[in-house]
Amino acid sequence: MIIFSAILLVFILKKAVHCQLHETTLSMLPEDVYKRLEVVPKLIPQAPQDWCDVRFPTGTKFDKGAMVAAKAIRRRPTVTWKGEPGALYTVFMYGVNKYINKIVMFADLILQDFYLHWIVVNVPGNQLSAPENKITSGIEWFEFLKPLIPPYTVTHRYVILVYKQDHPLPENGTAIYDEGFADFPSHEVFVHNETLGEPVCGNLCIIRT
């Protein structure tokens, strides 16, 4: 009976959060969406000014905070943005695991705020593509990690961020932060260390389990 009650409570809370987010999704401006989903300021201090296109082999895409099924985004996506000729870019993917709008379950309290899921650096032009789940350009500093959704949690967001580089980054980036990124710094520190500035674009979703 206790287990059933706990499962029912999680279901009710998920419905409450999803309905609240759907009902308040009036503005699709990046600043409003990132703040509403609390990616700003929890992960980045300010939102990118533009959206990038994020599409997975299943046909699913990140669409300005819309809900997607976790099973539909388990392989590397193709990311497209408005690039500058000759410029290089870094692409990040993060899981944002903390609760939204003060609605929280016990499992949310023991999770990290963010989980790194992907880094590709030195991407030229305006697209990072991954046919057959392998990137065709750039250097993968951190291999793609499919979504991991712990049980008894309410909401999870996944975000793609694209940064313009002011110089090429080294090929052995993983060595800089230890094997397996055990000592990977916060996103803010990483961006500062690599002088990436502000994200030029991004996109995000809410995971439906």
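All of the points below concern the structure found in this document. (Residues numbered from 1 in each chain as written. Predicted model: local features only at pLDDT ≥ 70, side-chain atom pairs only at ≥ 80, totals over all residues. Heavy atoms only, no water.)

**Section: the overall build of the protein chain**
This is how it is decided: Going along the chain from the N terminus, every DSSP run of H or I of four or more residues is numbered as a helix, and every run of E of two or more is numbered as a strand. Per-residue accessibility, obtained with a 1.4 Å probe over protein chains only, is compared with the maximum for each type, and a residue is labelled buried under 20%, exposed over 50%, and partly exposed between these values. Here, residues are in contact when the closest pair of their heavy atoms is within 4.5 Å. Only the protein chains shown count as cover for residues, and all accessible areas are computed by the Shrake-Rupley method using a 1.4 Å probe.
Assigned secondary structure in the protein chain consists of five helices and 10 strands. For the protein chain, the residues scored as buried account for 47% of the 209 residues in total. A fraction of 73% describes how many contacts in the protein chain between residues 6 or more apart in sequence connect residues 24 or more apart. Counting every atom, the protein chain has about 10,900 Å² of accessible surface; 57% of that belongs to carbon and sulfur.

**Quick word on the sheet that holds strand β1 (residues 53-55)**
The test is simple: DSSP calls a pair of strands paired once it identifies at least 2 bridges connecting them.
Here we have four strands laid out as an open sheet, ordered β2-β1-β4-β7, and antiparallel in their pairing. Both edges of this open sheet fall to β2 (61-62) and β7 (127-128), since each of them pairs with a single strand only.

**Observations concerning the environment of H117**
Note the threshold: Polar contacts here mean pairs of N or O atoms no more than 3.5 Å apart (in protein, one a potential hydrogen donor and the other a potential acceptor; neighbouring residues in sequence count only if both atoms are side-chain atoms).
With respect to the helices and strands, H117 occurs in strand β6 (residues 114-124). Considering only alpha carbons, one finds H117 and M93, 24 residues apart in sequence, at a separation of 5.2 Å. Excluding residues that lie within four positions of it along the chain, H117 makes contacts with M93, Y94, G95, F142, E143, F144, L145, K146, P147, L148 and Y158. Polar side-chain contacts of H117 include one of 2.6 Å to the backbone oxygen of L145.

**Concerning the packing of aromatic side chains**
Rule in force here: Two aromatic rings, drawn from Phe, Tyr or Trp (for Trp, its six-membered ring), form a pair once their centres lie within 6.5 Å of each other, and the interplanar angle then sorts them: stacked below 30 degrees, edge-to-face above 60, tilted otherwise.
Here the structure, examined in full by the defined rule, presents eight aromatic pairs. A centroid spacing of 5.3 Å and a plane angle of 90° characterise the contact between F92 and F190, whose relative ring orientation is edge-to-face. Residue F92 is located in strand β5 (residues 88-96), and its partner F190 is located in helix α5 (residues 187-193); the two are separated by 98 residues in the primary sequence. There is no split in this pair, since F92 and F190 are both buried. Centre to centre, the rings of W118 and F144 are 5.5 Å apart; their planes meet at 90°, and the pair counts as edge-to-face. You can see W118 sitting in strand β6 and its partner F144 sitting in the loop between β8 (139-142) and β9 (157-164), a full 26 residues away along the chain. Across the pair, exposure class does not vary: W118 and F144 are buried alike. Through pairs of rings, three or more aromatic residues link up here, namely F92, Y94, W141, Y163 and F190.

**Notes on the sheet that holds β9**
Strands in a sheet are paired, the pairing made by backbone hydrogen bonds, and the direction either parallel or antiparallel. Which entries qualify depends on this criterion: Every axis corresponds to a line fitted to the C-alpha atoms, with the helix fit spanning only the stretch in contact, and the corresponding angles, defined between N-to-C directions, vary from 0 to 180 degrees.
Strand order in the open sheet formed by six strands is β3-β10-β9-β5-β6-β8, with mixed pairing between adjacent strands. Strands at the two margins of the open sheet, each flanked by one partner only, are β3 (67-69) and β8. Going from strand to strand, the sheet's axes swing by 25° on average, the running direction of each strand aside. Here β3 runs beside strand β10 (residues 201-208); their pairing, made up of three bridges, is parallel. In the strand pairing of β10, V68 is matched with I207.

In short, shape yes, function no, at least from these values alone.
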